[in-house]
Amino acid sequence: MHTFLALGLLSYLLGLLNSTRLTFIANDESDTAIALTQIIRGLQQPSLAILALPSLALSDGVCQKERSVYLDDFLQRLHRSNYKSVVFSQTELFFQHIEENLQGANECVSLILDEPNQLLNSLHDRHLGHRLSLFIFYWGARWPPSSRVIRFREPLRAVVVTRPRKKAFRIYYNQARPCSDSQLQLVNWYDGDNLGLQQIPLLPTALSVYADFKGRTFRVPVFHSPPWFWVTYCNNSFEEDEELNSLDSIEKRKVRVTGGRDHRLLMLLSKHMNFRFKYIEAPGRTQGSMRSEDGKDSNDSFTGGIGLLQSGQAEFFLGDVGLSWERRKAIEFSFFTLADSGAFATHAPRRLNEALAIMRPFKQDIWPHLILTIIFSGPIFYGIIALPYIWRRPWVNSDVEHLGDLCIHMTYLKEITPRLLKLKPRTVLSAHQMPHQLFQKCIWFTLRLFLKQSCNELHNGYRAKFLTIVYWIAATYVLADVYSAQLTSQFARPAREPPINTLQRLQAAMIHDGYRLYVEKESSSLEMLENGTELFRQLYALMRQQVIKDPQGFFIDSVEAGIKLIAEGGEDKAVLGGRETLFFNVQQYGSSNFQLSQKLYTRYSAVAVQIGCPFLGSLNNVLMQLFESGILDKMTAAEYAKQYQEVEATRIYKGSVQAKNSEAYSRTESYDSTVISPLNLRMLQGAFIALGVGALAAGLILLLEIVFIKLDQARLWMLCSQLQWIRHDRGV
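Rules of the game
Residues numbered from 1 in each chain as written. Predicted model: local features only at pLDDT ≥ 70, side-chain atom pairs only at ≥ 80, totals over all residues. Heavy atoms only, no water. Axes fitted to C-alpha atoms, helices over the stretch in contact; angles between N-to-C directions. Helix = DSSP H or I, 4+ residues; strand = E, 2+ residues; numbered from the N terminus. Parallel < 35°, antiparallel > 145°, perpendicular 65-115°, else oblique. Left-handed = near helix turned anticlockwise from the far one by under 90°. Contact = heavy atoms within 4.5 Å. Nonpolar A, V, L, I, M, F, W, Y, C, P; charged D, E, K, R; others polar. Pairing = 2+ DSSP bridges. UniProt positions renumbered as here; feature names shortened; annotations may be inferred. Patch = residues over 30% accessible without salt bridge, like charges linked within 9 Å, V, L, I, M, F, W, Y side chains within 5 Å. Areas by Shrake-Rupley, 256 points an atom, 1.4 Å probe, with all protein chains shown as cover. Salt bridge = Lys/Arg side-chain N within 4 Å of Asp/Glu carboxyl O. Phe/Tyr/Trp six-rings, centres within 6.5 Å; stacked < 30°, edge-to-face > 60°. Lys NZ or Arg CZ within 6 Å of the ring centre and 35° of its normal.

Observations concerning the packing of helix α8 (residues 261-273) against helix α20 (residues 616-628)
When two helices pack together, their arrangement is given by the angle between their axes and by how far apart the axes lie.
Okay, step 1: Between α8 and α20, the least distance of the axes is 11 Å, while the angle of their chain directions is 120°. Relative to α20, the element α8 lies oblique. Judged by the twist between their axes, the crossing of α8 over α20 is right-handed. Residue-level contacts link Leu265, Leu268, Leu269, His272 and Met273 of α8 to Ser618, Leu619, Val622, Leu623, Gln625 and Leu626 of α20.
Okay, step 2: Broken down by class, the residue content of the contact of α8 with α20 amounts to eight nonpolar, three polar and no charged.

Here we look at the sheet that holds strand β5 (residues 157-165)
Okay, step 1: Ordered in space as β2-β1-β3-β4-β5-β6-β7-β8, the eight strands form an open sheet in which the pairing is mixed. The two strands at the open ends of the sheet, each matched to only one other strand, are β2 (84-88) and β8 (196-197).
Okay, step 2: Where β5 meets strand β6 (residues 168-173), five bridges bridge the pair, whose relative direction is antiparallel. Bridge pairing in β6 links Thr162 to Arg170.
Okay, step 3: In the packing of helix α3 (residues 91-103) onto the sheet, the strands contacted are β1 (47-51), β2, β3 (108-112) and β4 (133-138), and the crossing angle to β3 comes to about 160°.

What about the packing of helix α11 (residues 367-391) against helix α13 (residues 438-450)?
Okay, step 1: Taken N-terminus to C-terminus, the directions of α11 and α13 make an angle of 130°; their axes are 8 Å apart at the nearest point. For the element pair α11 / α13, the angle class is oblique. Considering only the axes of α11 and α13, their crossing is right-handed. In this structure, α11 uses Ile374, Ser377, Gly378, Pro379, Phe381, Tyr382, Ile385 and Ala386 to contact α13, whose residues at the interface are Leu438, Phe439, Cys442, Ile443, Phe445, Thr446, Leu447 and Phe450.
Okay, step 2: Per-class residue counts for the contact of α11 with α13 are 13 nonpolar, three polar and no charged.

Observations regarding the UniProt feature "transmembrane region" (unreviewed entry) in the chain
Okay, step 1: With numbering aligned to this structure, UniProt lists the feature "transmembrane region" (unreviewed entry) at residues 366-391 and 687-709.
Okay, step 2: For the annotated span residues 366-391, helix accounts for 96% and strand for 0% of the residues, and the straight-line distance between the end C-alpha atoms is 37 Å.

Describing a nonpolar patch on the surface
Okay, step 1: A surface patch of nonpolar side chains, amounting to about 550 Å² of accessible area, comprises Ile371, Leu372, Ile375, Phe376, Ile380 and Ile384.
Okay, step 2: Position of Leu372 relative to the elements: it lies in helix α11.

Focus: the packing of aromatic side chains
Okay, step 1: Enumeration over the complete set of coordinates arrives at 30 aromatic pairs.
Okay, step 2: Between Phe554 and Phe555, the aromatic rings sit 4.5 Å apart at their centres with planes inclined by 45°, giving tilted as the arrangement.
Okay, step 3: Taken together, the aromatic side chains of Tyr210, Phe213, Phe218, Phe275, Phe316 and Phe615 make up a single cluster linked through ring pairs.
Okay, step 4: Sitting over the face of the ring of Tyr233, Arg285 holds its NZ or CZ atom 3.5 Å from the ring centroid.

Okay, here's the thing in structure tokens:
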């Protein structure tokens, strides 16, 4: 009996312990659900993604079934707070959900009920670390993981929630400080026995954290690209270590930046945001383009300075870095630092041949109409005079000719006149008869009138006089005065060939005149040619044909090198790039020696940063303040003014030396559209050439007349000889 009592008491005690444990677990689950709900509400985000892997258990010994109990309680409390949630039990679906939110630029908060070391590598490999994505890790640990074991690298945003005791939760954040080590730091806590969360919002904002970098050092790729950066390379590392792109080899390449617009901008940013920077040489000394593998483009890999940003080896990249869709897949851009446009530069239009200056006052489409007007003026004048005679012509006997009041019968004269001695009778026109050779006289009269030569009145009729006045006004005021004024202005400012300032003209020049177009390698201008449509694609096809004729191809190291190529005699060369960059480099060799095209397309340059950069918002705020206050424009203008002063100083020095050498001066002579040159005999050579051609034509006509007169005399002499022989034969 005592045994039964002992067994009953034992079973009662076991049941009591069991109920006590279940009550404790239920209370514990309720505390966890309440705490997580308050933590999520402190983020002030309307949606939440939850990853709960079914095969894992929490570190405090709670089984999977118990975790599902408090997870259900947590979801119920979360939904009662009008929060949307989605629960994933597979990592692949969870990663796809994060990627979709990042592609749509949607902020996403994720709660991961697992230790971070299980998923951290996958998050980094799939580039899911972004300022728009926040990952909250909770697995019931009492202390946060050590930084030697787990490292949360930028740009990943991670929150670790620990539970040091019952109803107490601590929130650690890896971006609570602006330093780059990303160590976890306590930023908030939850106490269930007190007032809940210590502060709301749960985490410090990125604008407040990254407003002051506290002396953090950034790596900035750079290469020589005036006017943005003036770089001096301290060694020949580009030739020696061209294939070495590791961070150690890159940092060994010494570069010295002596100035530039973006260098000044970077110094201003470092002073305002309290950071330091270190220049490193960009691989290949280019901005970067898609890396080609086996002849195919790899869409997820870039070269140059962009490649350093993509691999996390640099934080900033400046220097006219243009925005493009291809680049946005590898890096991000700040607020624009330059609103520019695409353009190309060629040589200045050359002077046209001055021998043809007398033909240029009127355009080519006007000369045909002018010549036709002069040609038809004579027949029209003849028609005005001849029509009255044709209308009023009386009927007369064709056999009778009138000589005043005397009538001559031609039939009778022909009968009494010998056949061999018959001559053409002289006729005298009557008052109602048309003047002799009227058509020829009208032609020569109009020609003399238009050429401003002296001429007598051809006819005294009113119609003829009125038409003569119209012709004289047209010849004097419309032709002569306009022609003289245009010719004088062209003599004062010599004409030049049409400028090549549009893509259509550039394409025609490349096809017909053999022009070659050059572009900076791995630049945004090259991407525009490769990925553009219509004319850009046709121009790129023509450029690829240059490789067959020119082994050097169409790539240049920089826009400055291309401008220098044109200045050294490249009259059949053109350089494509940013208009601001072209304009600045043109100043070095004299803007009057080059021709800038029209604005081809709009392009923006900005500061390039890594994808998901956490301090992009702070950087944008500073850049917008600089832009709105006009400091960016002032810095650009100051760089132009500095370059202009250097060019003027160089030009004055060269001018004093070249004044002693007329040959050197002739080589540097350039066209300035604002200067009017004096008139000289060389400009009038066209008039002398026209005079010579006219004299030659007159001499040729005179020679022909002499030849024909001699032929007529010879034929007349032969005719007289034959008549004498005939008379001699008849006399016999």
